[in-house]
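Fold and contact review
Next come the chains, spelled out residue by residue.
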Amino acid sequence: PLSMSLVRSGNDRKSIRLRQGFLFVQYTVTIVLVVLALFFHRHLNLLLNTPPGFRMENVIQANLIYESTDYASYTDESIQARKQRIAQIDEALSKCPDISCWTADVYSILDFDYTAEFQNVKGETVSLNQNFATPEFFTLFNLKLVEGRLPVEEDGYVVNRAAMQALGYTSLEGATVLDLRMKEAAPDFPARPIVGVIEDYYSGHISKGIRPMLFMVFPTMQGDVYHIACQPGRIPQVIDYLRKLEKEVYGTENFQYSLLKDDVQKLYKSDRQVATIYSAFAFIAIVISCLGLFGISLFDIRQRYREIAIRKVNGAMLKDLYVLLLRRYVGMLLLAAVVAVPLAWLAIHYYTADLVVKAPVTVGLFLTAFLIVAVISVATLLWQVHKASRINPSEVMKSE
């Protein structure tokens, strides 16, 4: 009987150690997932709350031109008819009292991503994001001019601060750029002066950072995409006006538009999904850890009833029993945190390595995750510990 008792005791200890090993792994994974969930929510909030640097409110992006792109099929008469239809649309936009400003373009402000090579006055080659715009483009999007002027009646180059820095210029005096693509097509193509500098803005997903941008500004432009700034509170009226205009000019009900504010929000759809996924996995991990902790602690504490009874007989205080029963699990949680913190940091580091703008990784992030897991875990243990600490020693001794 004694040998069987020893074998059973050894098996119990082995079972407890195995279960505690699983609990340690669960704790580690849970802390990692909670840290990641907190970080990606912080990162998402940074993306959603960082101003892009251009006007979003009351701006409609609409496809108003429905013309054939097969230019070989045009005749002189059809070209004239095409020009008249576009002129009719432009005139109608200018007459609408609910529209404060508009400009035509080939792309949305969020879509254009063409990089070209330019040379500065020193002959150094710099890659810039090349854009095409009208003077109204800068007015419509409230892009602040910080130096120089906007070319209104003639063509000209305007850059942002990032482009000035990339080109190595500190002021517009003597600042020129040479378009290498045009230079290749026409060897005598000259360098042209930069006439204006605008404030930087995020032209896409904020995490990609500020891009050095050069604008080739023309007095007028044509394109299928119209940027339309509406008077405050008049978006529904403008949409209805545009829908009627399309039907009048093209006889179509296929009017396509979007609100720029909504388009900006769509840039972060995948970031929302990532934050949601990590939150879901973190919640599942916490539940599994609590269930594992519940089972292990229930078995472990019941095995220690005799020890608890003896300690109570010898004068152990209630607080001493709480420390005794919780110490093992708190130690395991602390050890899991030591392992989980570098794992979570590495996961965040590699995931965000290519991001220019990202949420900061602070000590508070890891501390908050640890406290969340610790509070939930301790709450799971407390009722069992409370019950075990209040056992009647005489009843335990009788049952042994």
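Let us look at the structure shown here. Nothing here was measured: the structure is a model prediction, and the numbers come from that model. (Residues numbered from 1 in each chain as written. Predicted model: local features only at pLDDT ≥ 70, side-chain atom pairs only at ≥ 80, totals over all residues. Heavy atoms only, no water.)

Okay, the overall build of the chain next. Regarding its fold elements, the chain presents 12 helices and 11 strands. By residue count, 42% of the 400 residues in the chain fall in the buried class. The long-range share in the chain, meaning contacts at least 24 apart out of those at least 6 apart in sequence, stands at 83%. For the chain, the computed accessible surface area is about 21700 Å², with 59% contributed by carbon and sulfur atoms. (Helix = DSSP H or I, 4+ residues; strand = E, 2+ residues; numbered from the N terminus. Buried < 20%, exposed > 50% of the residue type's maximum accessible area, 1.4 Å probe, protein only. Contact = heavy atoms within 4.5 Å. Areas by Shrake-Rupley, 256 points an atom, 1.4 Å probe, with all protein chains shown as cover.)

With that out of the way, let us pick up the nonpolar core. Among the nonpolar cores identified, the biggest contains 64 residues, and Ile 31, Phe 54, Phe 137, Phe 138, Phe 141, Tyr 201 and Phe 215 are the most heavily contacted of them. Contributions of two or more residues to this core are made by helix H1 (2–49), helix H3 (135–140), strand S8 (192–198), strand S9 (213–217), helix H7 (260–266), helix H8 (269–303), helix H10 (318–351) and helix H11 (363–389). The dominant element in this core, judged by the number of residues it contributes, is H1, at 13 residues. Formed by 23 residues, the second largest nonpolar core is a distinct cluster that contains Leu 64, Ile 65, Cys 230 and Tyr 250. (Core = buried A, V, L, I, M, F, W, Y, C linked by side-chain atoms within 4.5 Å.)

We now examine a nonpolar patch on the surface. A surface patch of nonpolar side chains, about 690 Å² in accessible area, is lined by Ile 277, Phe 281, Phe 283, Ile 284, Val 287, Ile 288 and Leu 291. Here Leu 291 lies in helix H8. (Patch = residues over 30% accessible without salt bridge, like charges linked within 9 Å, V, L, I, M, F, W, Y side chains within 5 Å. Salt bridge = Lys/Arg side-chain N within 4 Å of Asp/Glu carboxyl O.)

This paragraph deals with the environment of Ser 203. Structurally, Ser 203 is set in the loop between S8 and S9. Considering only alpha carbons, one finds Ser 203 and Asp 111, 92 residues apart in sequence, at a separation of 8.0 Å. In terms of polar contacts, Ser 203 uses its side chain to reach the side chain of Arg 211, at 2.5 Å. (Polar contact = N/O pair within 3.5 Å; in protein donor to acceptor, adjacent residues only side chain to side chain.)

The full count for this structure, using the stated rule, is 6 salt bridges. Glu 91 serves as the salt-bridge partner of Lys 95, at 3.0 Å between the closest nitrogen and oxygen. With Lys 95 and Glu 91 both in helix H2 (residues 76–95) and 4 residues apart, the pair spans about one turn of that helix. In this structure Lys 95 comes out as exposed when scored by relative accessible area, which is 60%. Residue Glu 91 is classed as partly exposed on the basis of its relative accessible area of 44%. For the salt bridge of Arg 161 with Glu 199, the shortest nitrogen-to-oxygen distance reads 2.8 Å. Placement of the pair is Arg 161 in helix H4 (residues 161–167) and Glu 199 in the loop between S8 and S9, with a sequence separation of 38 residues. Overall, the relative accessible area of 29% leaves Glu 199 in the partly exposed class.

Overall, antiparallel pairing links the 4 strands, which are arranged S2-S10-S1-S11 in an open sheet. Strands at the two margins of the open sheet, each flanked by one partner only, are strand S2 (99–105) and strand S11 (256–259). Put simply, the sheet's adjacent strands are angled 20° from each other on average, direction ignored. Of the pairings in the sheet, the one linking strand S1 (residues 59–63) to S11 comprises 4 bridges and is antiparallel in character. Considered in S11, the bridge of Gln 61 is made with Ser 258. Taken strand by strand, H2 contacts S2 and strand S10 (225–230), and its axis lies near 15° from that of S10. Running over the sheet, helix H6 (residues 235–250) touches S1, S2, S10 and S11 and is turned about 15° from S1. (Pairing = 2+ DSSP bridges. Axes fitted to C-alpha atoms, helices over the stretch in contact; angles between N-to-C directions.)

It is worth spelling out the environment of Leu 334 at this point. Looking at the element boundaries, Leu 334 is found in helix H10. Residues Leu 334 and Thr 28, spaced 306 residues apart in sequence, show a C-alpha to C-alpha distance of 9.6 Å.

Once that is clear, we can look at the packing of H2 against H6. Between H2 and H6, whose axes approach to 11 Å, the crossing angle comes to 155°. When the interaxial angle is binned, H2 and H6 end up roughly antiparallel. For the pair H2 and H6, the crossing hand works out as right-handed. Along its contact with H2, which presents Arg 85, Gln 88, Ile 89, Ala 92 and Leu 93, the element H6 presents Tyr 241, Leu 242, Leu 245, Glu 246, Glu 248, Val 249 and Tyr 250. Residues belonging to the contact of H2 with H6 are distributed by class as follows: 8 nonpolar, 1 polar and 3 charged. (Parallel < 35°, antiparallel > 145°, perpendicular 65-115°, else oblique. Left-handed = near helix turned anticlockwise from the far one by under 90°. Nonpolar A, V, L, I, M, F, W, Y, C, P; charged D, E, K, R; others polar.)

Here we come to the pairing of strand S3 (residues 115–119). Of the two faces of S3, only the one carrying Ala 116 and Phe 118 is buried; Thr 115, Glu 117 and Gln 119 on the other face are not. Of the strand pairs in this sheet, S3 and strand S4 (residues 125–133) are connected by 5 bridges, and their pairing is antiparallel. If you follow Glu 117 over to S4, its bridge partner there is Ser 127. Where S3 meets strand S7 (residues 176–179), 2 bridges bridge the pair, whose relative direction is antiparallel. Directly across from Gln 119, in S7, lies its bridge partner Leu 178.

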